[in-house]
Amino acid sequence: MSETAPLLHNIGGPPMAFIRWNGLAATAPAAGADASAAAGAGCWLHCRHQRASVDAVDWNRCTALLELVRPRHGLAEPQARSLLLELMEARLSALEWPPVLVCSIDDFPGVHPNEALVLDHPLTVFVALGKCIGSLWMRDRPWRLAPLCTPTVVQAGGIGQGRAAGRPAAAGQGDASGAQWSCRLWFPQGLPAQMLQRVRTADRRKEKQ
């Protein structure tokens, strides 16, 4: 007769340890409070840039993407691609981001737009999207330009459900009025001071408008 494997047995009392999980959603700031005050602990940063245009744009071309970062650059496609990657690499080096972050390119369950600080800076948005794969942003992974070529279609009354898939939108076609690049990143220790200052500066500019 073979012996049974040893098992863990109850020693006569309930476990003394437990795990508490509060999720990734940051606490929404109180009404009227400075939104960037929520960055002292874990928080989401919503990197977002929107282009309002009715012109036909082929986002598969780096010449078009570079226009968002370096308007009127006048470069051909190979040179535009090289410069775009060079600018993204330089921007990445200047960012004080951890090696790995949880990311959400599409709507992430449990994350309300009011629970994320918003940064509208096209080059930073490209850096965020260009290093994302699945639900992770990884600093040391190779660049991916495909997410930059498929912005979300912006409808006249809001954001559409589909993506542009890199195809040019003809003027006057449907209700499409532009495109949006968007990515949320979770910073478990709060935003770096440099990034928090940029968010606050953007907030002050909006208040003056």
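Now for a look at the structure at hand. (Residues numbered from 1 in each chain as written. Predicted model: local features only at pLDDT ≥ 70, side-chain atom pairs only at ≥ 80, totals over all residues. Heavy atoms only, no water.)

## Description of the overall build of the protein chain
Basically, it comes down to this: Helix and strand labels come from DSSP, where a helix needs a run of H or I of at least four residues and a strand needs a run of E of at least two; each type is numbered from the N terminus. A simple rule labels every residue: compare its accessible area, found with a 1.4 Å probe on the protein chains alone, to the largest value its type can have, and call it buried under 20%, exposed over 50%, or partly exposed in between. Per-residue and other accessible areas were derived by the Shrake-Rupley procedure at a 1.4 Å probe size, with only the shown protein chains allowed to occlude residues.
Helix and strand counts for the protein chain come out as four helices and eight strands. Reading the helices (α) and strands (β) of the protein chain from amino to carboxyl end gives β-α-α-β-β-α-β-β-β-β-β-α. Per-residue burial for the protein chain yields a buried fraction of 37% across its 209 residues. As displayed, the protein chain has an accessible area near 12,700 Å², and 55% of this comes from carbon and sulfur atoms.

## Digging into the pattern of salt bridges
For clarity, the threshold we go by: Any carboxyl oxygen of Asp or Glu within 4 Å of a side-chain nitrogen of Lys or Arg constitutes a salt bridge here.
What the rule picks out here adds up to one salt bridge. Taking the shortest distance from any N to any O, the salt bridge between Arg61 and Glu77 comes out at 3.8 Å. Here Arg61 is found in the loop between strand 1 (43-52) and helix 1 (62-69), whereas its partner Glu77 is found in helix 2 (residues 77-94), with 16 residues between them in sequence. Residue Arg61 is classed as partly exposed on the basis of its relative accessible area, which comes to 40%.

## Section: the packing of aromatic side chains
Basically, it comes down to this: Two aromatic rings, drawn from Phe, Tyr or Trp (for Trp, its six-membered ring), form a pair once their centres lie within 6.5 Å of each other, and the interplanar angle then sorts them: stacked below 30 degrees, edge-to-face above 60, tilted otherwise.
Scanning all chains against the criterion turns up five aromatic pairs. Ring geometry for Trp97 against Trp137: centres 5.2 Å apart, planes inclined by 75°, an arrangement best described as edge-to-face. Residue Trp97 is found in the loop between helix 2 and strand 2 (100-104), and its partner Trp137 is found in strand 5 (residues 136-138); the two are separated by 40 residues along the sequence. Aromatic ring contacts, followed pair by pair, group Trp59, Phe126 and Trp181 into a single cluster.

## Topic: the packing of helix 2 against helix 3 (residues 122-130)
For clarity, the threshold we go by: For helices, the axis comes from a line fit to the C-alpha atoms of the stretch in contact; other axes are also lines fit to C-alpha atoms, and the angle between any two N-to-C directions lies between 0 and 180 degrees. Any angle that falls under 35 degrees is termed roughly parallel, while one over 145 is termed roughly antiparallel, one within 65 to 115 roughly perpendicular, and all others oblique. Here a residue-residue contact requires only that any non-hydrogen atoms of the pair lie within 4.5 Å. As a working rule, the residues Ala, Val, Leu, Ile, Met, Phe, Trp, Tyr, Cys and Pro are called nonpolar, Asp, Glu, Lys and Arg charged, and the rest polar, with Gly in that last group.
One can describe the packing of helix 2 onto helix 3 by two numbers: an axis separation of 9 Å at closest approach and a directional angle of 90°. It follows from the interaxial angle that helix 2 and helix 3 lie roughly perpendicular. For the pair formed by helix 2 and helix 3, the contact residues are Leu84, Leu87, Met88, Arg91 and Leu92 on the first element and Leu123, Thr124, Phe126 and Val127 on the second. Taken together, the residues that form the contact of helix 2 with helix 3 break down as seven nonpolar, one polar and one charged.

## Here's the deal with the side chain of Thr124
Relative to the helices and strands, Thr124 resides in helix 3. Contacts of Thr124, omitting those with residues within four sequence positions, involve Cys47, Arg91, Trp97, Leu119 and Met195.

## A look at the packing of helix 1 against helix 2
Cut-off, in case you're wondering: Each helix crossing is assigned a hand: it is left-handed if the near helix lies turned anticlockwise from the far helix by less than a right angle, otherwise right-handed if that turn is clockwise.
One way to put it is that helix 1 packs onto helix 2 with a least axis distance of 8 Å and a crossing angle of 45°. Here helix 2 runs oblique to helix 1, going by the angle between their axes. Seen from above, helix 1 lies across helix 2 with left-handed handedness. Across the interface between the two elements, Cys62, Thr63, Leu65, Leu66 and Val69 of helix 1 pack against Glu77, Ala80, Arg81, Leu83, Leu84 and Leu87 of helix 2. Its residues assigned to classes, the contact of helix 1 with helix 2 shows eight nonpolar, one polar and two charged.

## Let's talk about the nonpolar core
For the record, the criterion: To form a nonpolar core, buried Ala, Val, Leu, Ile, Met, Phe, Trp, Tyr and Cys residues must be joined to one another through side-chain atoms within 4.5 Å.
One finds Leu45, Trp97, Trp137, Trp181, Leu185 and Leu191 to be the most contacted residues of the largest nonpolar core, which totals 42 residues. If you list the elements that add at least two residues to this core, you get strand 1, helix 1, helix 2, strand 2, strand 3 (116-119), helix 3, strand 8 (176-187) and helix 4 (193-208). Leaving out residues up to four positions away in the same chain, Leu185 has contacts with Cys43, Trp44, Leu45, Trp97, Leu101, Val102, Cys103, Ala128, Cys132 and Trp137.

## Quick word on unusual backbone geometry
The phi torsion at Arg72 lies on the positive side, around 55°, for a residue other than glycine. Inspection of the secondary structure assignment puts Arg72 in the loop between helix 1 and helix 2. Judged by its relative accessible area of 75%, Arg72 is exposed.

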